[in-house]
Amino acid sequence: MRTCAGGQAARRRGRLVAIWLGLLLGVAGPTPARAAEPAAAQVTVEAVWPPAGARLAEPLVGPSAVVLDRAGRVWVAEPQADRVIRLPDPAAGTPRIATPDGVLRRPLGVAAAPDGTLLVADTGNHRIVRLAPDGRIVATYGGPGKDPGEFERPSAVAAAPDGTFLVADTGNHRVQRLDPAGRPLSTMGRLGSGPGDLVEPAGIAVAPDGRIAVADTGNHRIVLLAPDGEPLAVVGRPGRGADGLLRPTGLAYAPDGALWIADTGNHRLVRTDGERFLARIGKLGRGPGELQEPSGLAVAPNGDLLVADTANDRIQRLRVSPAALAAAEGATLAAAGRPDLAV
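Residues numbered from 1 in each chain as written. Predicted model: local features only at pLDDT ≥ 70, side-chain atom pairs only at ≥ 80, totals over all residues. Heavy atoms only, no water.

**A word on the overall build of the chain**
Step number 1: Counting secondary structure elements, the chain contains two helices and 28 strands.
Step number 2: Scored against the burial criterion, the 343 residues of the chain give a buried share of 55%.
Step number 3: Total accessible area on the chain stands at roughly 14,300 Å², and carbon and sulfur atoms take up 52% of it. (Helix = DSSP H or I, 4+ residues; strand = E, 2+ residues; numbered from the N terminus. Buried < 20%, exposed > 50% of the residue type's maximum accessible area, 1.4 Å probe, protein only. Areas by Shrake-Rupley, 256 points an atom, 1.4 Å probe, with all protein chains shown as cover.)

Printed below as a string of structure tokens:
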């Protein structure tokens, strides 16, 4: 009996995609037997999307943000393709979906809202878009301008526990808070480099207690604000050294209250308690745990990091050893891929 080599190769690629999607989503699946983690690995690369060798009809290009929705599904902002996509979940049998063509223009940010919807920073259209869990657009907020509720190149959005949401209004050098219906409530920041001032903020995160972290990208620092917008602290300074940041963008709070920073220009991730840098992950490269201009971050309930590794056109899921974090003292943690990981 003759077999079709092309068909066998296609089936192998299909199995590979299903395996690595299961790992990326953190669900059980038909994974290969796993060897023991190398003793030196303080950070394990659990999954990479797209997986090596997978031939996709629509490859991932320049992902700028990543988020887990309330159901644990992974959504990615893909500005170069003018869309937001939800990765398929092989365990749940849910397919990949994408926003309709021609609706979004260079969306840079995406966040999960408490009601199960998604909020998208539709950067090129100077507005915020709310998506249903199936990707349908259910509401739009704002438009170009400088008045309250208007935006100039918004590039990040974060949902607060009370249902309000905050927007990094990049071109207006400010942060705006809006109610769930998109009505403006308050404005924080102004152009400058003093306490609470901002220059082209491009990332935002809200802690469970309501504190706000803003990636003050043009000032190469993180600004920490009280829930009412009062400045609390500044973290980092311009540079590549021990306390340096270069064009930081994505931000995400960990379950323990620490803040992770996508230090985009330094091709690394930084962990801080709001006063000092506690640990770093990554360096410039394409290997497991290496990064090139990372710009988006999400933290899974188990503490895993999902990273939009932008210039490498991929998403990486990283598992950080708690013991390594406790002993890091600001050091760069060693990363290694799973023994069965190919990148």
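Having seen the model, we can carry on.
**Notes on the side chain of T99**
Step number 1: Topologically, T99 is positioned in the loop between β5 (97-98) and β6 (109-112).
Step number 2: When residues no more than four places from it in sequence are discounted, the contact partners of T99 are D82, R83, V84, L104, L131 and G135. (Contact = heavy atoms within 4.5 Å.)

**Let's talk about the pattern of salt bridges**
Step number 1: Counted under the stated rule, the structure contains 20 salt bridges.
Step number 2: Between R153 and E200 there is a salt bridge, with its nearest N and O atoms 3.6 Å apart. Of this pair, R153 sits in the loop between β9 (137-141) and β10 (156-159) while E200 sits in the loop between β13 (184-188) and β14 (203-206); the two residues are 47 residues apart in sequence, bridging distant segments of the chain.
Step number 3: By relative accessible area, R153 is classed as partly exposed at 34%.
Step number 4: Looking at E200, the relative accessible area reads 35%, which means it is partly exposed.
Step number 5: As a salt-bridge pair, R190 and D197 come within 3.3 Å of each other at their nearest N and O atoms.
Step number 6: Classification of R190 by relative accessible area gives exposed; the value is 60%. (Salt bridge = Lys/Arg side-chain N within 4 Å of Asp/Glu carboxyl O.)

**A few points about the sheet that holds β13**
Step number 1: Read across the sheet, four strands follow the order β10-β11-β12-β13 without closing on themselves; strand pairing throughout is antiparallel. A single partner strand is all that each edge strand has here, and the edge strands are β10 and β13. Put simply, the sheet's adjacent strands are angled 20 degrees from each other on average, direction ignored.
Step number 2: Here five bridges tie strand β11 (residues 165-169) to strand β12 (residues 174-178), and the two strands are oriented antiparallel to one another. Residue pairing in the sheet places D169 in a bridge with R174 of β12. (Pairing = 2+ DSSP bridges. Axes fitted to C-alpha atoms, helices over the stretch in contact; angles between N-to-C directions.)

**Quick look at the nonpolar core**
Step number 1: Counting 20 residues, the largest nonpolar core has W260, L269, I281, L305, L318 and L333 as the members making the most contacts within it.
Step number 2: With three residues, strand β1 (residues 43-49) is the single largest residue contributor to this core.
Step number 3: In this structure L269 touches W260, I261, A262, A279, R280, I281, L291, P294, L297, L305, V307 and L318, once residues within four positions along its chain are discounted. (Core = buried A, V, L, I, M, F, W, Y, C linked by side-chain atoms within 4.5 Å.)

**Points about the sheet that holds strand β16 (residues 221-225)**
Step number 1: Pairing in this open sheet of four strands is antiparallel, and the strands run β14-β15-β16-β17 from one edge to the other. Among the strands making up the open sheet, the edge pair consists of β14 and β17 (231-235). Between one strand and the next, the sheet's axes are offset by a mean angle of 20 degrees, whatever the strand orientation.
Step number 2: Pairing of β16 with β17, which is carried by four bridges, proceeds in the antiparallel orientation. Following the sheet pairing, L225 is matched in β17 by P231.

**Describing the confidence of the model for the chain**
Step number 1: Of all residues in the chain, 85% have pLDDT values of 70 or greater, and the mean over the chain is 88.
Step number 2: Within the model, the stretch residues 1-5 combines pLDDT values under 50 with one contact to residues more than four positions away or in other chains.
Step number 3: Counted against residues more than four places away or in other chains, residues 27-39, with its pLDDT under 50, gives 18 contacts. (pLDDT = per-residue confidence, 0-100.)

**A word on the environment of A158**
Step number 1: Within the secondary structure layout, A158 lies in strand β10.
Step number 2: Exposure remark for A158: the relative accessible area of 6% places this residue in the buried category.
Step number 3: Considering only alpha carbons, one finds A158 and L118, 40 residues apart in sequence, at a separation of 10.0 Å.

**Examining the environment of P195**
Step number 1: Considering the arrangement of structural elements, one finds P195 in the loop between β13 and β14.
Step number 2: Separated by 29 residues in sequence, P195 and L224 place their C-alpha atoms 9.8 Å apart.

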